[in-house]
Amino acid sequence: MYGSFNERETINILKKLVETPSPSGYTNEVMKVISSYLDELSVDYVKTNKGAIVATILGDNNSNHRLLTAHTDTLGAMVKEVKSNGRVKLSLIGGFSWNAMEGESCFIHTSSGKKVRGTILLHQSSVHVYKNSGSIERNAENMEIRIDEKVFSKEDTSKLGIDVGDFVSFDPRFEETESGFIKSRHLDDKASTALLLQLMKNIKSSNIQLPYTTHFYISNNEEIGYGGNSNIPSEVVEYIAVDMGALGDGQTSDEYTVSICAKDSSGPYHYELTRHLVNLAKEHNIGYKLDIYPYYGSDASAAIRAGYDVKHALFGPGIESSHAFERTHIDSLKHSASLLEAYVKSPMVLE
């Protein structure tokens, strides 16, 4: 494995991140966690008006910059309506299917700061009452939160402080197995965020002198399409989105290597920069898979759509069952960390 990788520290910070609720639009707490970590490392950073964090480590070349981004916002929901029976209808945040969260425990975050416990269920869940429970469509009309309080009416729920627009976060259910798997919601993209934080720590603690000034952009709106496409310094030449590899039928990516994306639904990534990543993986014996993600977009593609004149690429750990109950393996984190370190130490493409 190329470079250094602290397995225990990486897993610990990943657990901390996924257990801090942060659906898009409700990310203040997780950004505080990241700020505290950067303060401990004495890494300079700024906070954007949108709530993102851009950390910067100076390099030998301060004219041509690099930017690596990962996002810490996750899927979630908001209270759409309080029903007459006291239960809550939802409006989803991010692109995922209703069945992916059926039966999941959750918190409703009220405007007063109170957290109310509940479970996301199909209204017609009981097979002893609803003959067609298994075939009923899981949609906004039929799914609801069963609140873990004695509520019998809309007024009872309102007395708890619950109102339209309150955020809903899902339990991550983080688990580390003896065989090296990590199972949790929100590995997209907190696994990559943890890797960037650990990379910065390694650079600082090992006194690594980077060849180029490098920015580490922790975005907080990627799941809704516009996380890392603003506040990009004009000196940035190469822009890398560090985000999950999509697994499934027809995909080459797996849970044990780093996935390098050649194309997603936004179009091809920068060819020469992508080949540079592949060549680094080969040179340093880093396990990788080159892949195309058919229904996917990243902060790098958002930056291109916003008109930024950068070379863009995408890679990250392979995540099984993305936007559902996700899983990866420690090997994928290791290989992704190795490629990150190899990249930030490498010369720029076509320089």
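*Asks:* Honestly, the overall build of the protein chain in this entry has me stumped. Any pointers?
*Replies:* When its secondary structure is counted, the protein chain shows 7 helices and 19 strands. In the protein chain, the proportion of contacts linking residues at least 24 apart, taken out of those at least 6 apart, comes to 76%. Of the accessible surface of the protein chain, which amounts to about 14800 Å², a share of 47% is contributed by carbon and sulfur atoms. Across the protein chain, the mean location of the 35 positive side-chain charges is 5 Å away from that of the 46 negative side-chain charges.

*Asks:* Explain helix H2 (residues 28–41) here, please?
*Replies:* Helical periodicity: at 3.6 residues per turn, an α-helix aligns residues three or four positions apart in one direction. An ideal rise of 1.5 Å per residue puts 20 Å on 14 residues; H2 measures up with 20 Å between its terminal C-alpha atoms. Within the span of H2, buried status applies to Val30, Met31, Ile34, Ser35, Tyr37, Leu38 and Leu41. Axial view of H2: buried residues confined to an arc of 160°, hence all on one face. Facing away from the buried side of H2 by over 90 degrees, the exposed positions are Asn28 and Glu40.

*Asks:* Any chance you could explain the packing of aromatic side chains here in plain terms?
*Replies:* Within the structure shown, the criterion is met by 4 aromatic pairs. Considering the side-chain rings of phenylalanine 96 and phenylalanine 170, the 5.8 Å spacing of their centres and the 70° angle between planes classify their relative orientation as edge-to-face. Here the residue phenylalanine 96 occupies a position in the loop between strand S5 (88–93) and strand S6 (105–109), and phenylalanine 170 occupies one in strand S9 (residues 167–170), the gap between them amounting to 74 residues. Here phenylalanine 96 and phenylalanine 170 have matching classes, each one buried. Between phenylalanine 181 and tyrosine 256, the ring centres sit 6.1 Å apart and the planes meet at 70°, which makes this aromatic pair edge-to-face.

*Asks:* Any chance you could explain unusual backbone geometry here in plain terms?
*Replies:* When glycine is set aside, most residues are seen to have a negative phi, and most peptide bonds are trans. A cis amide bond, omega 5°, links aspartate 188 with the succeeding residue aspartate 189. The phi angle at histidine 186 is positive, at roughly 70°, despite the residue not being glycine. Looking at histidine 186, the relative accessible area reads 10%, which means it is buried. The residue asparagine 207 is not glycine, and still its phi comes out positive at about 55°. Along the chain, the position of asparagine 207 falls in the loop between helix H4 (187–205) and strand S12 (212–219).

*Asks:* Mind showing me how you'd approach the layout of surface pockets here?
*Replies:* Once rolled over the atoms, a probe with the size of a water molecule shows which space is left empty. The computed volume of the largest pocket comes to approximately 360 Å³. Surrounding the largest pocket, 17 residues form its lining, Met244, Tyr295, Tyr296, Gly297 and His323 being those nearest its centre. Among the residues making up the lining of the largest pocket, the classes are represented as 6 nonpolar, 7 polar and 4 charged. By volume, the second largest pocket is sized at about 210 Å³. Every residue lining the second largest pocket is counted, 14 residues in all, and those nearest its centre are Ser4, Phe5, Asn6, Gln198 and Asn202. Secondary structure elements with two or more residues in the lining of the second largest pocket: helix H1 (7–18), H4 and helix H7 (330–345). Ranked by the residues each element gives to the lining of the second largest pocket, the list is headed by H4, at 6 residues. Its residues assigned to classes, the lining of the second largest pocket comprises 5 nonpolar, 6 polar and 3 charged.

*Asks:* What's the story with empty space enclosed by the protein in this structure? I'm lost.
*Replies:* In the structure shown here, the tally under the stated rule is 2 cavities of 30 Å³ or more. Lining the largest cavity are Leu75, Phe170, Arg185, His186, Asp188, Glu223, His323, Ala324 and Glu326. Here the residues of the lining of the largest cavity are counted per class, giving 3 nonpolar, 2 polar and 4 charged. As a volume, the second largest cavity reaches approximately 30 Å³. The wall of the second largest cavity is formed by Thr69, Ala70, His71, Asp189, Ala241, Val242, Asp243 and Asp299. Counting residues per element, the ones that place at least two in the lining of the second largest cavity are strand S3 (61–71) and strand S13 (236–242). The leading source of residues in the lining of the second largest cavity is S3, at 3 residues. Residue composition of the lining of the second largest cavity, by class: 3 nonpolar, 2 polar and 3 charged.

Cut-offs applied
- Residues numbered from 1 in each chain as written.
- Predicted model: local features only at pLDDT ≥ 70, side-chain atom pairs only at ≥ 80, totals over all residues.
- Heavy atoms only, no water.
- Helix = DSSP H or I, 4+ residues; strand = E, 2+ residues; numbered from the N terminus.
- Contact = heavy atoms within 4.5 Å.
- Areas by Shrake-Rupley, 256 points an atom, 1.4 Å probe, with all protein chains shown as cover.
- Lys, Arg positive; Asp, Glu negative; His and termini not counted.
- Charge placed at Lys NZ, Arg CZ, Asp CG, Glu CD.
- Expected span 1.5 Å × (residues − 1).
- Buried < 20%, exposed > 50% of the residue type's maximum accessible area, 1.4 Å probe, protein only.
- Arc of directions from axis to C-beta.
- Phe/Tyr/Trp six-rings, centres within 6.5 Å; stacked < 30°, edge-to-face > 60°.
- 1 Å grid on protein atoms, 1.4 Å probe; cavity = no way out; pocket = protein on both sides within 12 Å on 5 of 7 lines; lining within 4 Å.
- Points joined across faces, edges and corners; volume = space filled by probe spheres on them.
- Nonpolar A, V, L, I, M, F, W, Y, C, P; charged D, E, K, R; others polar.

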